[in-house]
Every structure is written in structure tokens, then in C-alpha cells.
Amino acid sequence: EADLESKLPLKGKKILITAGPTYEAIDPVRFIGNHSSGKMGFDIANAAADLGASVVLVSGPTHFKAKNTSIKVVSVVSAQEMYDACHLYFDDVDVAVAAAAVADYKPKVVASQKIKKAADEFSIELEKTKDILLSLGNTKKNQYLIGFALETENEIENAKLKIQKKNLDLIVLNSLQDEGAGFKKETNKITFIDKNFKIEPMELKSKELVAADILNKVISHFS
Ligand code: CTP
Ligand code: CA
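A brief look at the structure comes next. (Residues numbered from 1 in each chain as written. Chains lettered and ligands numbered in written order. Predicted model: local features only at pLDDT ≥ 70, side-chain atom pairs only at ≥ 80, totals over all residues. Heavy atoms only, no water.)

**Details of the site of ligand 1**
Spelled out, the test is: Note on terminology: near, applied to a residue and a molecule or strand, indicates that one of the residue's heavy atoms is within 4 Å of it. Distance and chemistry together define a polar contact, namely a pair of N or O atoms within 3.5 Å, with one atom able to donate a hydrogen and the other to accept it when in protein, and with adjacent residues in sequence counting only for side-chain atoms on both sides. Working definition of accessibility: Shrake-Rupley area with a 1.4 Å probe, residue cover restricted to the visible protein chains. Cavity and pocket criteria rest on a 1 Å grid covering protein atoms alone: a 1.4 Å probe that fits but cannot get out defines a cavity, protein on both sides within 12 Å along at least 5 of 7 lines defines an open pocket, and an atom within 4 Å of a point defines a lining residue. Here the criterion for a molecule occupying a pocket or cavity is that more than half of its atoms lie within 2 Å of the pocket grid points. A run of H or I in DSSP becomes a helix once it reaches four residues, and a run of E becomes a strand once it reaches two; helices and strands are each numbered from the N terminus.
As a structural note, the neighbourhood of ligand 1 is formed by 16 residues, with A98, A100, L133, K162 and K166 the closest of them. Note that an oxygen atom of ligand 1 is positioned 2.7 Å from one of the backbone N or O atoms of A98. With respect to ligand 1, the backbone of F148 contributes an N or O atom lying 2.9 Å from an oxygen atom. Coverage of ligand 1 by the protein amounts to 76% of the 570 Å² it exposes when considered alone. Most atoms of ligand 1, that is more than half of them, are within 2 Å of grid points of the largest pocket. The set of elements that each furnish at least two residues to the shell around ligand 1 consists of α4 (132–139) and β9 (144–151). With four residues, the single largest contributor to the shell around ligand 1 is β9.

If you want it as C-alpha cells, here you go:
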């Protein structure tokens, strides 16, 4: 049994993971989105399931399929749908990892018909989406809550502010500064910052290995 435990260190743990972009509708044929592929979240979900965790993966539009068939994939499109799906599962989980690139703004009104080309200039009024991670942080009980941060300036300071504001246990700071890291890339350069502001820069590595590093933090938390 000790052997099984060492191979499946997350057995009995439930993990909620968000992945991918969100699409915010403008009209029936257009949306506001971003270049997130969903790979980071899918890699975390696969690694967690391989370590024995029971995984719910709430994903925005992506071409990825979960490799580990035990993963429950909940496909959503908009930030609002992702928010609703996350709150359906959050109460019941031990860990949540917010790896999704959620749109910060959405069109205030969605046109019911395709918008016709007319004036030379055209603008769309936007309003904030719900901050999913913020609301998970506000409602968390014992859940170990991990967020991501994408910053291009004052990285560490901004990431620390996100830890506090969103009531996180750990943040994964993504450095876009490195050529090999980030959206649409196979690799990531991350820095861990925990709630006590302990800073741990990691080497540039594949997203699979970054996923393993993140799950090692989860395993340490429970051991
Ligand atoms: N996030 C979320 N819901 C949102 C926006 C962000 O759950 N509506 C989560 C992301 O999944 C990520 C974390 O919050 O784990 C930080 O996202 P990021 O875009 O870096 O920060 P924001 O809080 O959106 O602030 P800003 O974009 O202004 O830096
Ligand atoms: Ca954002």
C-alpha cells in the first residue's frame, strides 16, 4: 500500500482546473478571444489524473482532448459559463488551479443579428467579465487555491498583489519575456510565489514539466 501511495500521491484528492481562452460574443458570428491554446491547463489535468486525483477540467474552446480518460471535461465558451461551471464544483474540491486565460471584458450587448458593415469607424462598448478566481478566493474554505499571473512589467509586485486580492495559496507567474515561453508555445518560464511571498524562479521547461512542478507543490501541501 505504501508503494501505491507513492505512485498515486493525489489519490482521494479532487481537483478543479480551468483551461483555455474564453470567447465573448459580439454577434452570432463574431467574438472577442485570445491566443491561449489550453495546453497548460490540459497538461496539469493529465498530470493530476495520472497522480491519482479526481479531476474536473473546465475548458474554454480548444482542440485539446484529455489523455487520461478519468478526467471530467466540462466545455464552456464564455467567462460567465466558466464561472457557473466552476462554482458548481468548487465547494466539493480540495484544490483548484486557474490556468484559463479568461477575457477581462465582454461586449455590453450581444447583437442578435450579424452586424452589417456601415460607418468608417465603429466601436463596441465593453464591460468587465466576472473574475472567476477572485470569486473562488472569496468563497474558499479549505481549498488549496492556485492562480496564474501574466505580467509584462513589475512582475513580482503585481503577482503579489494578485495573491492578496484573490486570496491565493500559490501563484504561477508566467514570464513572457522569454522567447520560448507563453501562449502558443511548448514551454513556459515560471516563478512560484506562495502566500508568504516566498519566491522560487524555475528554469525554462516544457509545459508538461511545469505541470509536474505545480503538482509537486500540491503534493507537498498535503504531506
Ligand atoms: N482569472 C479569472 N477570471 C477572470 C480573469 C482572470 O479566473 N475574469 C484568473 C486567471 O485564470 C489567472 C488569474 O486570474 O489564474 C490572473 O489572471 P491575469 O489575467 O494575470 O490577471 P487579472 O486579474 O485578470 O488582471 P490583469 O489582466 O489586469 O493583470
Ligand atoms: Ca486578465
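**Quick word on the coordination of the calcium ion (ligand 2)**
Inclusion rule: With water excluded from the atoms, a metal site may look incomplete; its donors are any N, O or S atoms within 2.8 Å, or within 3.2 Å for Na, K and Ca.
Looking at the calcium ion (ligand 2), one finds its protein donor set to be D104 (OD) and D104 (OD), positioned 2.4 to 2.6 Å from the metal centre. Examined against the element boundaries, D104 turns out to sit in the loop between β6 (95–98) and β7 (105–107).

**Quick look at the nonpolar core**
Applicable threshold: To qualify as a nonpolar core, a set must consist of buried Ala, Val, Leu, Ile, Met, Phe, Trp, Tyr and Cys residues joined through side-chain atoms within 4.5 Å. Here the term buried applies to any residue with accessible area under 20% of the maximum for its type, exposed to any over 50%, and partly exposed to those in between, with areas from a 1.4 Å probe on protein chains only. Any two residues whose heavy atoms approach within 4.5 Å are treated as being in contact.
Formed by 32 residues in total, the largest nonpolar core has its most connected members in I15, I44 and I214. With seven residues, helix α2 (residues 39–50) is the largest single contributor of residues to this core. Aside from chain neighbours lying at most four places away, what touches I44 is I17, V97, A99, F148, A211, I214 and L215. Residues A96, I163, L168 and L173 belong to the second largest nonpolar core, which totals 25 residues.

**Regarding the layout of surface pockets**
Filter applied, for reference: Grid points are joined across faces, edges and corners, and a volume is the space filled by probe spheres set on the points. Throughout this entry, Asp, Glu, Lys and Arg are counted as charged residues, while Ala, Val, Leu, Ile, Met, Phe, Trp, Tyr, Cys and Pro are counted as nonpolar. The remaining residues, Gly among them, count as polar.
Quantified by volume, the largest pocket comes out at close to 1100 Å³. Surrounding the largest pocket, 44 residues form its lining, A100, A101, V102, D104 and K166 being those nearest its centre. Secondary-structure elements contributing two or more residues to the lining of the largest pocket are α2, β8 (126–128), α4, β9, α5 (155–165) and β10 (170–175). Tallied by class, the residues present in the lining of the largest pocket amount to 21 nonpolar, 13 polar and ten charged. Taken together, Y144, D169, L170, F192, D194, K195, N196, K198, E200, K217, S220 and H221 make up the lining of the second largest pocket. Looking at the lining of the second largest pocket, the elements that each hand over two or more residues are β12 (190–194) and α6 (207–222). The greatest single-element share of the lining of the second largest pocket, amounting to three residues, is contributed by α6.

**Observations regarding the environment of K189**
With respect to the helices, strands and loops of the structure, K189 is situated in the loop between β11 (187–188) and β12. Overall, K189 belongs to the partly exposed group, its relative accessible area being 22%. In sequence terms K189 and D91 are 98 residues apart; their C-alpha atoms lie 31 Å from each other. Of the polar contacts made by the side chain of K189, one reaches the backbone oxygen of M202; its length is 2.5 Å.

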